[in-house]
Amino acid sequence: MDALISISKSLKLLYVEDDIAIRQETTAILNDIFKVVFDAVDGEDGLRLFKNHFGEIDLVITDIT
């Protein structure tokens, strides 16, 4: 597990979650794991962030229903 966290510290994550409470709690955890966490409130916001940071984002996690 330590090796995975070590690798993740070099990654920039885009996290897209439409539930505010879940997004806030999860983002707090993800900030301890990843170098940078961009958090988006919905798919449109996620796409905007992805375009604005194109080439920077290494991983996208989303749970849009």
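Residues numbered from 1 in each chain as written. Predicted model: local features only at pLDDT ≥ 70, side-chain atom pairs only at ≥ 80, totals over all residues. Heavy atoms only, no water.

Colleague: Tell me about the pattern of salt bridges, and name the residues and values.
Modeller: Inspection of the entire model under this criterion finds three salt bridges. As a salt-bridge pair, Arg 23 and Asp 39 come within 4.0 Å of each other at their nearest N and O atoms. Remark: Asp 39 occurs in strand β2 (residues 36-40) and Arg 23 occurs in helix α2 (residues 20-33); sequence separation between them is 16 residues. Overall, Arg 23 belongs to the buried group, its relative accessible area being 9%. A salt bridge links Arg 48 to Asp 45, with the shortest nitrogen-to-oxygen separation between them at 2.6 Å. (Salt bridge = Lys/Arg side-chain N within 4 Å of Asp/Glu carboxyl O. Helix = DSSP H or I, 4+ residues; strand = E, 2+ residues; numbered from the N terminus. Buried < 20%, exposed > 50% of the residue type's maximum accessible area, 1.4 Å probe, protein only.)

Colleague: I'd like a description of the pairing of strand β1 (residues 12-16), backed by residues and values.
Modeller: Within β1, four of the five residues are buried, which leaves the element mostly enclosed by the surrounding structure. With five bridges connecting them, β1 and β2 associate as parallel partners. Paired with Tyr 15 across the strands is Asp 39, a residue of β2. Each parallel crossover has a hand, and for β1 linked through α2 to β2 it is right-handed. Pairing analysis gives four bridges linking β1 to strand β3 (residues 59-62), with the strands arranged parallel. Each bridged residue has a counterpart across the sheet, and for Val 16 the counterpart in β3 is Thr 62. (Pairing = 2+ DSSP bridges. Right-handed = clockwise from strand over helix to strand, strands pointing away.)

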